[in-house]
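Structural overview
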Amino acid sequence: MIKEFKEKYGVGWLAKWSKHKRDLKKIEQSYGEELYQVYYLPHANYCGVSMRLDARLAEHKRRHKRNVEDYIILYECYSKSEAFSVEAAFQRLCGFEGYMIRNFKKS
């Protein structure tokens, strides 16, 4: 990859390469190792986010008395902020239940 940078940017390749490496490091740090899943419960018209979907579905069934059959995974990613953004978009655009204002640290 360094060779391509040298060829593409010529004399200033080192400065551009170090900026590129810093940008890549920021992107890697914003993504964790846990997989976030945006899911939809069609019988309850509910959309949510979870890292542990099986446990979350059990809680929906036990605590909220929601029908969790035929759930659909709409989106998966490794970024918490991306998952919550996608969830909010689905809830607003499609009219799904579950929309709430969250205070979470953007990663």
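Now for a description of the structure that goes with this document. Computed from a prediction, not measured in an experiment: that's the story for all the values here.

Our focus in this paragraph is unusual backbone geometry. Although it is not a glycine, Asn45 adopts a positive phi angle of roughly 50°. Checked against the element boundaries, Asn45 lands in the loop between strand S1 (36–41) and strand S2 (46–50). Even without being a glycine, Asp70 presents a positive backbone phi close to 60°. Residue position: Asp70 is located in the loop between helix H3 (53–63) and strand S3 (72–77). Asp70 gets classed as exposed once you look at its relative accessible area, which sits at 55%.

What follows covers H3. When H3 is considered as a whole, its buried residues turn out to be Leu53, Arg56, Leu57 and His60. One side of H3 holds all its buried residues, which, seen down the axis, span an arc of 100°. Exposed side of H3, more than 90 degrees from the buried face: Asp54, Arg62 and Arg63 are the residues found there. Summarising the contacts, the buried residues of H3 are in contact with S1, S2 and S3. At the exit of H3 stands Lys65, carrying a positive phi of roughly 55°.

Topologically, Ser79 is positioned in the loop between S3 and helix H4 (80–94). A polar contact of 3.4 Å, which involves the side chain of Ser79, links it to the backbone nitrogen of Glu82.

When you line up the elements, His60 lands in helix H3. Owing to a relative accessible area of 0%, His60 belongs among the buried residues under this scheme. Here Arg66 takes part through its side chain, which lies 2.9 Å from a polar atom of the side chain of His60. With sequence-adjacent residues up to four places away left out, His60 is seen in contact with Tyr39, Leu41, Tyr46, Lys65, Arg66 and Val68.

Turning to H4, a few remarks are in order. Counted at 1.5 Å a residue, the expected span for H4 with its 15 residues is 21 Å, and the 21 Å between its end C-alpha atoms agrees. Among the residues making up H4, those that are buried are Ser81, Ala83, Phe84, Val86, Glu87, Ala88 and Gln91. Considering only its buried residues, H4 is in contact with S1, S2 and S3. Taken from the residues just after H4, Gly95 is the one with a positive phi, measuring 75°.

Rules of the game
Residues numbered from 1 in each chain as written. Predicted model: local features only at pLDDT ≥ 70, side-chain atom pairs only at ≥ 80, totals over all residues. Heavy atoms only, no water. Helix = DSSP H or I, 4+ residues; strand = E, 2+ residues; numbered from the N terminus. Buried < 20%, exposed > 50% of the residue type's maximum accessible area, 1.4 Å probe, protein only. Arc of directions from axis to C-beta. Contact = heavy atoms within 4.5 Å. Polar contact = N/O pair within 3.5 Å; in protein donor to acceptor, adjacent residues only side chain to side chain. Expected span 1.5 Å × (residues − 1).

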